Amino acid sequence: MRKFITLVLLLAAAMTSRAAEPVMPTVKGEPFIASDGKHINAHGGAILLHDGTYYWYGENRGDGTPGKGQKGVACYTSTDLKNWDNKGIVLAVTDSVGAPLERGCIIERPKVVYNPATGKFVMWFHHELKGVGYGSAYSGVAVSDSPTGPFVHLNSGRINPGIYPENLPEEYRKIQWPKDMEWWTPEWRKAVEKGMFTVRDLDGGQMARDMTVFVDDDGKAYHVYSSEENLTLNIAELDSTYTRHTGRYIRIFPGGHNEAPALFKHNGTYWMITSGCTGWAPNEARLMKADNIMGDWTQLPNPCRGEGAKTTFDSQSTAVAHFGDRYTFMADMWNPKNLADSRHLWLPIKFDADGTPYITKD
């Protein structure tokens, strides 16, 4: 009898704990208002849970006034995932002429992870220097002792200079590619697949634009980014501080033209949702899977189902939030005429009987 009572109490405690876990709301493009009365201006970002508080980091896209650009990376906090407080800019642009983060630079896709070994909060972001458009193709890294900043910019640059990806065959590394090859021809596409741009950028480091950071169950962290003129995804291992690359990286889906990577793990399988490259216009999402994050990846059909699936419900992936046993697809509904007013799409991820994730708007 005592065993039965104990079991009932344990089950009741588990149910109470389960019920107490905050649940991410479903958001379908309506204004998402913070405690300051304004729409949440945090785009291309993700949510970090630390010591019972949720921290939502994203691009602050100014106030919508023409000519007013980004202010930097914004942070909002919540304890229930529904009500959010604006903590301001945690990584700010500067008016210092010539500084890497000079006002007018581009900061996109900020992702923050916590490193328990160093006690630091580490932010990676896609960084373009002022005045060069998207020509820099840098990754930036910044750190802070506090989740609400300020974050200190450590450096920005291309990735893994002088190092070949682990899965680029030796014979492809020795090919002397012509510099005047015409783009988008069948011959050019074959050259891209064989690493033409990898070899081109070897000395200075690989390009990195849209990106995310993923911390695995064993504590290892990985930087995932669009490279090779946005034609190929790279997955690069970070060191134990999460602030530098180890030199280990792989290329996946060369020539596939993927961006906006959102990586998560479910029941031992790695999944990634990406988008195609169509500027600010939405397109059909892609789904990839792997048993080993640094191994072979397979592409599957669009994970979105139902009306609007072919445009990812008019959005572009930014992250997958994983809290408890729930997974939520986070995406941006871009408004290129007023990026600050771009809306948010949060939808629960469901799983088929075979474990394949899918997303519906119903």
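Keep in mind it's a predicted model, so treat the numbers as computed, not measured.

## Focus: the confidence of the model for the chain
Part 1: Model confidence for the chain is summarised by a mean pLDDT of 94, while 93% of its residues fall at 70 or above.
Part 2: Throughout residues 3–18 the model reports pLDDT below 50, and contacts reaching past four residues in sequence, or to other chains, amount to two contacts.

## So, the layout of surface pockets
Part 1: Reported here for the largest pocket is a volume of approximately 770 Å³.
Part 2: Surrounding the largest pocket, 31 residues form its lining, Ile47, Phe214, Val215, Val320 and His322 being those nearest its centre.
Part 3: Per-class residue counts for the lining of the largest pocket are 22 nonpolar, five polar and four charged.

## Details of the side chain of Glu228
Part 1: Looking at the element boundaries, Glu228 is found in the loop between strand S11 (221–227) and strand S12 (232–238).
Part 2: Since its relative accessible area comes to 0%, Glu228 is described here as buried.
Part 3: Beyond its immediate chain neighbours, meaning those up to four positions away, Glu228 contacts Val192, Phe197, Thr198, Gln206, Met207 and Arg251.

## Examining the packing of aromatic side chains
Part 1: Enumeration according to the criterion identifies 18 aromatic pairs in this entry.
Part 2: With a centroid separation of 5.0 Å and an interplanar angle of 75°, the aromatic rings of Tyr54 and Phe323 are classed as edge-to-face. You can see Tyr54 sitting in strand S3 (residues 53–60) and its partner Phe323 sitting in strand S19 (residues 316–323), a full 269 residues away along the chain. One exposure class covers both Tyr54 and Phe323, and it is buried.
Part 3: Each ring, one from Tyr114 and one from Phe121, has its centre 4.7 Å from the other, and the planes form 40°; the classification is tilted.
Part 4: You can call Tyr114 partly exposed: its relative accessible area is 27%.
Part 5: Three or more aromatic residues joined by ring pairs make a cluster, and in this case those are Phe32, Trp56, Tyr76, Trp84 and Trp346.

Each value, and the rule that gives it
- Residues numbered from 1 in each chain as written.
- Predicted model: local features only at pLDDT ≥ 70, side-chain atom pairs only at ≥ 80, totals over all residues.
- Heavy atoms only, no water.
- pLDDT = per-residue confidence, 0-100.
- Contact = heavy atoms within 4.5 Å.
- 1 Å grid on protein atoms, 1.4 Å probe; cavity = no way out; pocket = protein on both sides within 12 Å on 5 of 7 lines; lining within 4 Å.
- Points joined across faces, edges and corners; volume = space filled by probe spheres on them.
- Nonpolar A, V, L, I, M, F, W, Y, C, P; charged D, E, K, R; others polar.
- Helix = DSSP H or I, 4+ residues; strand = E, 2+ residues; numbered from the N terminus.
- Buried < 20%, exposed > 50% of the residue type's maximum accessible area, 1.4 Å probe, protein only.
- Phe/Tyr/Trp six-rings, centres within 6.5 Å; stacked < 30°, edge-to-face > 60°.

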